[in-house]
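# Structural description and commentary
Next come the chains, spelled out residue by residue.
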Amino acid sequence: MNLPPHHHPARDAVVALLGSAPFGRAITITIVASAYLAFVLKVTIDWPGFIAIVAALVVLSAGSLAVRRHELEWRGILPISLLVFVGWSTLSVFWTDYQWASLSSILYQLAFAFLGIYVALTRDLIQIVRAFGDVMRVILLTSLVLEVMSGLLLDVPFIFLKISGNLAAGGPIQGLFGSRNQLGLIALIALVTFFIELRTRSVHPQLATFSLALGAVTLWFTRSPVAFGTTVVVALAALALFALRRLDPASRRVAQFTLLSGLLLVGVIGILARSQVVRILNAGSEFEYRYSLWRSITAVNPENSLEGFGWIGYWRTNLPPYSGIGGVPAINQSALSAFVDVWFQLGLVGLTAFVVFVVLALGRSWVLASNKRSVVYLWPALVLVVLIAVSTAESTALVEFGWFTLVVCALKASQDLSWRTRLPQD
């Protein structure tokens, strides 16, 4: 039997695969795992291998989007604030002194943004939570197993993974992520995810309880001041959201404005009393080092304060001005603050765009979390609180898993609250 000329069995099979539900779930889990395991993948298969993985995921995701383009709701999915921020970082390639390095970093940023867009566009929020939960269980359990092997069974540090083997001494531990602060951040995101799984009953209660214990133990042994401080912020945010969800709409609106006014007042007081705050925090070596680094950065950047030196993501310590910052440049991969890093790389314009982006994302997700009946809407709001709070002391939200997660949460909030969703359809 002769097939019609337009019939291509191989192409039809590929199209059916790319548009299938199992493929969507599988590639979502693979994307989340690749983003969160970026450090360990880079130290085991090196940068070229990891770039190949990211490129393959982008190609597969683009193919899946092309196949499913007619069944997806596109209106309002891309926040204008995200487009402005990414657009400005892309334009910075024209004025930077290290164009090829900047171009590669911009493509790297765009790749993870695209993967975040794919996940947010093709998966429901509960499906995203499940995918994150499945990945988090594996990576946290693997991290603890490696720490037990290094710190208890073999009593030998795993140098190539930057695991110090300090578990017997009570920490700090680094797991699969190269530093205690990174592991602490991921444990916090995991705890939020596991809590939502438990409340939504999307996994067996015993599995959810085990996962919460796993996340709590991991967080404790990181001994990370940054993660511990962020835990307090997230706990207060969760309590505030649960209190708001119990109020009637009119009372909730008043409470929201009262809470916002209180936060603004605290911010103003913090700015006015910044010297005292610095003096108090400077007692800790972690903040002392960060504060010294930030002062070094502000001393370098006045000439480029409006547009910055150009987007670079991870610092290239062989390139100026990064080669002369912080005393020992080789240990610095970032400004240890997302906001300082954005100002340094993209200037005041880029910083304004980034702040608007994260504030709008948090505001939209907060409104959804406090007004929507389903508890699953707490996930993007609380994860954004984690990322924004950590961004004061780490630059994680600008690259790889932090940037990917930020994009996913921002897009899910925008998908429900963007003003463009109310425009008439053609």
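Read on for an overview of the structure. (Residues numbered from 1 in each chain as written. Predicted model: local features only at pLDDT ≥ 70, side-chain atom pairs only at ≥ 80, totals over all residues. Heavy atoms only, no water.)

## What about the overall build of the protein chain?
- The number of helices and strands found in the protein chain is 15 helices and zero strands.
- Excluding contacts between residues fewer than 6 apart, the proportion of contacts in the protein chain whose partners are at least 24 apart in sequence is 74%.
- When the accessible area of the protein chain is evaluated, it comes to approximately 20,200 Å², of which 68% is carbon and sulfur surface. (Helix = DSSP H or I, 4+ residues; strand = E, 2+ residues; numbered from the N terminus. Contact = heavy atoms within 4.5 Å. Areas by Shrake-Rupley, 256 points an atom, 1.4 Å probe, with all protein chains shown as cover.)

## Description of the pattern of salt bridges
- In this structure the tally under the stated criterion is seven salt bridges.
- One salt bridge connects Asp134 with Arg130, and the closest N-O pair in it is separated by 3.7 Å. With a gap of four residues between them, Asp134 and Arg130 both fall in helix α6 (residues 125–153), about one helical turn apart.
- Sharing partners across several salt bridges, the network here consists of Arg25, Arg130, Asp134, Arg137 and Glu197. (Salt bridge = Lys/Arg side-chain N within 4 Å of Asp/Glu carboxyl O.)

## Topic: helix α7 (residues 180–200)
- Between its first and last C-alpha, α7 extends 30 Å over 21 residues, near the 30 Å set by a 1.5 Å rise per residue.
- Most of α7 is tucked away, with 16 of its 21 residues classed as buried. (Expected span 1.5 Å × (residues − 1). Buried < 20%, exposed > 50% of the residue type's maximum accessible area, 1.4 Å probe, protein only.)

## Focus: the nonpolar core
- By size, the foremost hydrophobic cluster in this structure holds 109 residues, and its most contacted members are Tyr36, Trp379, Trp403 and Phe404.
- When residues no more than four places from it in sequence are discounted, the contact partners of Phe404 are Ile31, Val32, Ala35, Phe112, Leu115, Gly116, Val119 and Phe132.
- With 17 residues, the next largest nonpolar core counts Trp294, Trp315, Ala335 and Val340 among its residues. (Core = buried A, V, L, I, M, F, W, Y, C linked by side-chain atoms within 4.5 Å.)

## Describing a nonpolar patch on the surface
- A cluster of nonpolar side chains, Leu141, Val145, Val148, Met149, Leu152, Leu153, Leu154, Val156, Leu207 and Phe210, forms an exposed patch at the surface whose accessible area comes to about 850 Å².
- Among the secondary structure elements, those contributing two or more residues to the nonpolar patch are α6 and α8 (205–222).
- The leading source of residues in the nonpolar patch is α6, at six residues.
- Of note, Leu207 is situated in helix α8. (Patch = residues over 30% accessible without salt bridge, like charges linked within 9 Å, V, L, I, M, F, W, Y side chains within 5 Å.)

## Considering the packing of helix α4 (residues 80–91) against helix α5 (residues 99–122)
- Axis separation between α4 and α5 bottoms out at 9 Å; the angle between their running directions is 160°. Regarding the angle of α4 to α5, the classification is roughly antiparallel. In this structure, α4 meets α5 at a crossing whose hand is left-handed. Residues Phe85, Val86, Ser89 and Thr90 of α4 form the contact with α5, whose own contacting residues are Ile106, Gln109 and Leu110.
- Considered class by class, the residues forming the contact of α4 with α5 number four nonpolar, three polar and no charged. (Axes fitted to C-alpha atoms, helices over the stretch in contact; angles between N-to-C directions. Parallel < 35°, antiparallel > 145°, perpendicular 65-115°, else oblique. Left-handed = near helix turned anticlockwise from the far one by under 90°. Nonpolar A, V, L, I, M, F, W, Y, C, P; charged D, E, K, R; others polar.)

## Here's the deal with the packing of aromatic side chains
- Taken as a whole, this structure holds 20 aromatic pairs when the rule is applied.
- Ring geometry for Tyr108 against Phe112: centres 5.1 Å apart, planes inclined by 80°, an arrangement best described as edge-to-face. In this pair, Tyr108 and Phe112 are both assigned in helix α5, four residues apart and thus about one turn of the helix distant.
- You can call Tyr108 buried: its relative accessible area is 13%.
- Judged by its relative accessible area of 2%, Phe112 is buried. (Phe/Tyr/Trp six-rings, centres within 6.5 Å; stacked < 30°, edge-to-face > 60°.)

## Details of the side chain of Glu394
- Following the sequence through the fold, Glu394 ends up in the loop between α14 (378–390) and α15 (400–417).
- Not counting residues within four places of it along the chain, the set of residues in contact with Glu394 comprises Asn181, Gln182, Val226, Arg290, Leu336, Ser337 and Ala338.

## Some points on unusual backbone geometry
- Here the amide bond leading from Pro320 into Pro321 is cis, since omega sits at 5°, within 30 degrees of zero.
- Tracing the sequence through the fold places Pro321 in the loop between α12 (285–300) and α13 (338–371).
- We note that Asp46 has phi near 70°; this positive angle belongs to a residue other than glycine.
- Given a relative accessible area of 46%, Asp46 falls into the partly exposed group.
- The residue Arg201 is not glycine, and still its phi comes out positive at about 55°.
- Here Arg201 shows up in the loop between α7 and α8.
- Residue Arg201 is classed as exposed on the basis of its relative accessible area of 74%.

## Observations concerning α14
- Between the first and last C-alpha of α14 there are 18 Å, a value that for 13 residues agrees with the 18 Å anticipated at 1.5 Å per step.
- For α14, the buried fraction is high: 12 of the 13 residues fall into the buried class.

The analysis is restricted to geometry; functional conclusions fall outside its scope.
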